[in-house]
Structure formats: C-alpha cells, structure tokens
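As a plain string of letters, each chain reads:
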Amino acid sequence: MTAITQAHRKVILIAGASRGCGPATARKLADEGHHVVLGARRSNKLQALVTEIRAAGGSAEWYAMDVSHPEEMREFLAFAEDVHKRVDILINNV
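Let me begin by describing the structure that accompanies this report. (Residues numbered from 1 in each chain as written. Predicted model: local features only at pLDDT ≥ 70, side-chain atom pairs only at ≥ 80, totals over all residues. Heavy atoms only, no water.)

### Some details on the overall build of the protein chain
Assigned secondary structure in the protein chain consists of 3 helices and 4 strands. Its helices and strands in sequence order give the protein chain the pattern β-α-β-α-β-α-β, from N to C terminus. A compact globule built from 94 residues would reach a C-alpha radius of gyration of about 12 Å, and the protein chain, at 12 Å, matches this within 12%. Overall size of the protein chain, expressed as C-alpha extent along the three principal axes, is 35 × 25 × 20 Å. Taken over 94 residues, the protein chain has a buried fraction of 36%. Put simply, 59% of the contacts in the protein chain that link residues at least 6 apart link residues at least 24 apart. (Helix = DSSP H or I, 4+ residues; strand = E, 2+ residues; numbered from the N terminus. Rg over C-alpha atoms; globule rule 2.2 N^0.38 Å. Buried < 20%, exposed > 50% of the residue type's maximum accessible area, 1.4 Å probe, protein only. Contact = heavy atoms within 4.5 Å.)

Take a look at the structure:
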C-alpha cells in the first residue's frame, strides 16, 4: 500500500463497484491509502471485494444499493456522510 498522509486520505464512494472497472478502481484507490465505500446490487461480490481490500491492508466497506434507483443513491450518500462525516469523491460506475 502506498503511504499517504491522513490529511490527504479521501473518502471515495464507488457506485456500481461490483463489476466493470469498479473492482479495479476500488483496489487501486484503497492501495493508495484512501477509504473506499463500495455500492452495488451484488452484495456477495462487494463483501468479497471488501475482504480482499482489507486483507491487503486497505480500508473499505460496502453498501447494498441499485444505481438505477435515485433514492437508493441518496441513501448510499447519506450512509457515507453519516459514518464518515464527509464524502470527498463519488465515482458513478454505470
């Protein structure tokens, strides 16, 4: 894992994180030292990805949601803001 200072660590949300470029993006950002919050419908894939990232020393969590439903996107954002008190970056991988 690349070391970054706590001041430069970002809370990064990735919607649609279970497929396409989502998993690779999550791994790369976590490897750089950022905290990633992963959202998608496929909970089993998200759980596996979070386990993988944590095993490699990264920081991640997941939230089950469907990017095609605006209310679920709002809930995803609200979850991250409630837990982390901020969202620095949102990647909408759809």
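### Regarding the packing of aromatic side chains
Evaluation of the coordinates by the stated rule reveals 2 aromatic pairs. Through a chain of ring-to-ring contacts, three or more aromatic side chains come together here, namely Tyr63, Phe76 and Phe79. (Phe/Tyr/Trp six-rings, centres within 6.5 Å; stacked < 30°, edge-to-face > 60°.)

### Things to note about helix α2 (residues 43–55)
Since the α-helix turns once every 3.6 residues, residues separated by three or four places project in the same direction. Along its 13 residues, α2 runs 18 Å from first to last C-alpha, staying within 8% of the 18 Å computed at 1.5 Å per residue. All of the buried residues in α2 are Leu46, Leu49, Val50 and Ile53. For α2, the arc enclosing every buried residue in end-on projection is 100 degrees, short of the 170-degree limit, so these residues lie on one face. Exposed residues pointing more than 90 degrees away from the buried face of α2 are listed as Asn44, Thr51 and Ala55. (Expected span 1.5 Å × (residues − 1). Arc of directions from axis to C-beta.)

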